[in-house]
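Take a look at the letters that make up each chain.
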Amino acid sequence: MPSLPVLVLNSGSSSIKFSVYEAGDGERNKLFEGAVDGIGTDLGKFWIKDATGKRLVDQTPALPTRAVAFELVAKALNSEEFPTPAAIGHRMVCGGPTVLENQRITPELIDEMERYTAFAPLHTPIAVYIMREAARLFPGVPNFVCLDSYFHRTMPEVATHMPIPEEYSAMGVRRFGAHGISYESIVYQLQPNVPEKLIVAHLGNGASISAIRKGKCIDTSMGLTPTGGLISGTRTGDIDPGVLVFILHKIAEKTTSAVEAANQLEIGANKKSGLLGVSGVSNDMRDLREAIKAGNAKARLAVDKFTWTIAKWIGSFVAELGGLDMLVFTGGIGENDIDSRAEICAGLGALGIVLDAKRNNVRGPAVISAEDSPVTVRVIPPAEDLMIVNHVVRLMGE
Ligand code: AMP
């Protein structure tokens, strides 16, 4: 395949990140990257920088809607300064039970994935919106979907099946996992020496952890939705389902609309819980570390719950893998929060996980385990856009 510009679009609930790669046979050059951030606010950020880091666009526009935000991106990328994309790759958290493979996007495929918005309620609405808009604003350019759930498709049925009646399973309810493109990129970066027994902890505003054997996922913490698994910035993580039933009954005492009650519960579980809910301070680890320094006991409890939960998952994954060769931290917290890594690993010596305090005192890629630690512990930033480009190039060649 000749070198072609491939645009990668990665949307979050209040941001759209993008990058343009020049990609051909074995060639991957990042030309530009950028983002619109702060959708829904008067003071958003819109920037584009080139491969050398030079800012080509640096604006603070009002971003009242995602439509305004994406038009800005499309207009800029359609201008003469930038090469017209030959293909577009979209990150999608979960396409539902019938869309498990990365593939070319059609209007019918978007409709099908949209039926399962509830499986990633913070991510799917903006992702499908951008898929439709990209088809309109870049006419004739092929679009491809890259699913986070794709990496987790190798999980055995014992991991994917939920302990629920068949009638619920028939609705598509099962464990899909998320952050799959990040996990895939860690395995990719470890090639050709991918350890047989690997655990990767993707700790960002959303947090999850995966057990990977010989490069293939065997288990992951997130479930049907990104609300499950580890406690995240604003999400509960795994929780006794009786809690949700109890709260739903409480909400139902004040509203007669079942939809309204479900929406309230969804906001409670997805946007008001997790580190934010426990601390009452923030969902952001940097704020929580500041609050802890200032003696805030609730911030301390929130972070303790976070690190304690992750240590428990690591223990269960070591049991599942039958041992461990390598533990990798990634994501904003995994890459940058030295204290979280130290606190998670503090009690894991019995599993062969021993950090070196000096080596751990680092932000960015590094080996942070002690020289004689049976398990190697590393920090590796994810390379999600590169993985999406790889999939787009493969799919264009099919
Ligand atoms: P992400 O969702 O991967 O962008 O990660 C966001 C999380 O990473 C937030 O909780 C941030 O507070 C955290 N984070 C980013 N930079 C740092 C840092 N230098 N120290 C501690 N936490 C950080």
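Residues numbered from 1 in each chain as written. Predicted model: local features only at pLDDT ≥ 70, side-chain atom pairs only at ≥ 80, totals over all residues. Heavy atoms only, no water.

Participant: Report on the overall build of the protein, specifying residues and quantitative values.
Facilitator: Assigned secondary structure in the protein consists of 15 helices and 14 strands. For the protein, the C-alpha radius of gyration of 21 Å lies close to 21 Å, the compact-globule estimate for 398 residues. By its C-alpha atoms, the protein is 60 × 55 × 45 Å across when sized along the principal axes. Taken over 398 residues, the protein has a buried fraction of 53%. Of the contacts made within the protein by residues no fewer than 6 positions apart, 61% connect residues no fewer than 24 positions apart. Charge separation in the protein, taken as the distance between the mean sites of 39 positive and 45 negative side-chain charges, equals 3 Å. (Helix = DSSP H or I, 4+ residues; strand = E, 2+ residues; numbered from the N terminus. Rg over C-alpha atoms; globule rule 2.2 N^0.38 Å. Buried < 20%, exposed > 50% of the residue type's maximum accessible area, 1.4 Å probe, protein only. Contact = heavy atoms within 4.5 Å. Lys, Arg positive; Asp, Glu negative; His and termini not counted. Charge placed at Lys NZ, Arg CZ, Asp CG, Glu CD.)

Participant: For the site of the ligand, give the residues involved together with the corresponding values.
Facilitator: As a matter of local geometry, the ligand sits amid Gly204, Asn205, Asp284, Met285, Arg286, Gly331, Gly332, Ile333, Asn336, Asp337 and Arg363. A distance of 2.9 Å separates an oxygen atom of the ligand from a polar backbone atom of Asn205. Here an oxygen atom of the ligand and a side-chain polar atom of Asp284 are 2.5 Å apart. For the ligand, the protein covers 74% of the area, taking 500 Å² as the surface of the free molecule. (Near = heavy atom within 4 Å. Polar contact = N/O pair within 3.5 Å; in protein donor to acceptor, adjacent residues only side chain to side chain. Areas by Shrake-Rupley, 256 points an atom, 1.4 Å probe, with all protein chains shown as cover.)

Participant: So what about the pairing of strand E14 (residues 376-379)? Which residues, and what values?
Facilitator: On E14, burial follows the alternation: Val377 and Val379 on one face are buried, whereas Thr376 and Arg378 on the facing-out side are not. Pairing between strand E12 (residues 326-330) and E14: 4 bridges, direction parallel. Paired with Met326 across the strands is Thr376, a residue of E14. Here strand E13 (residues 366-367) pairs with E14 via 2 bridges, running antiparallel. (Pairing = 2+ DSSP bridges.)

Participant: Outline unusual backbone geometry, supporting the account with residue identities and numerical values.
Facilitator: Gln191 connects to Pro192 through a cis peptide bond whose omega is 5°. Along the chain, Pro192 falls in the loop between helix H6 (180-190) and strand E9 (197-203). Even without being glycine, His179 reaches a positive phi, approximately 60°. Tracing the chain through its elements places His179 in the loop between helix H5 (166-169) and H6. Phi at Lys214 takes a positive value of approximately 50°, unusual for a residue other than glycine. Of note, Lys214 is situated in the loop between strand E10 (207-213) and strand E11 (216-220). Lys214 gets classed as exposed once you look at its relative accessible area, which sits at 63%.

Participant: Give a detailed account of the pattern of salt bridges, specifying residues and quantitative values.
Facilitator: In this structure the tally under the stated criterion is 16 salt bridges. Between Arg91 and Asp148 there is a salt bridge; the shortest N-O distance is 2.7 Å. On the criterion of sequence distance, the pair formed by Arg91 in strand E6 (residues 87-92) and Asp148 in the loop between strand E8 (143-147) and helix H4 (157-160) is long-range, its members being 57 residues apart. The two residues Arg91 and Asp148 agree in class, both being buried. For Asp219, the salt bridge identified is with Arg175, shortest N-O distance 3.2 Å. With Asp219 in strand E11 and Arg175 in the loop between H5 and H6, this pair connects stretches of sequence that are 44 residues apart. A residue is classified by how much of its surface remains accessible, and Arg175, at 14% relative accessible area, is buried. Among the ionic contacts, a cluster of salt bridges with common partners joins Arg289, Arg300, Asp304, Asp337 and Glu343. (Salt bridge = Lys/Arg side-chain N within 4 Å of Asp/Glu carboxyl O.)

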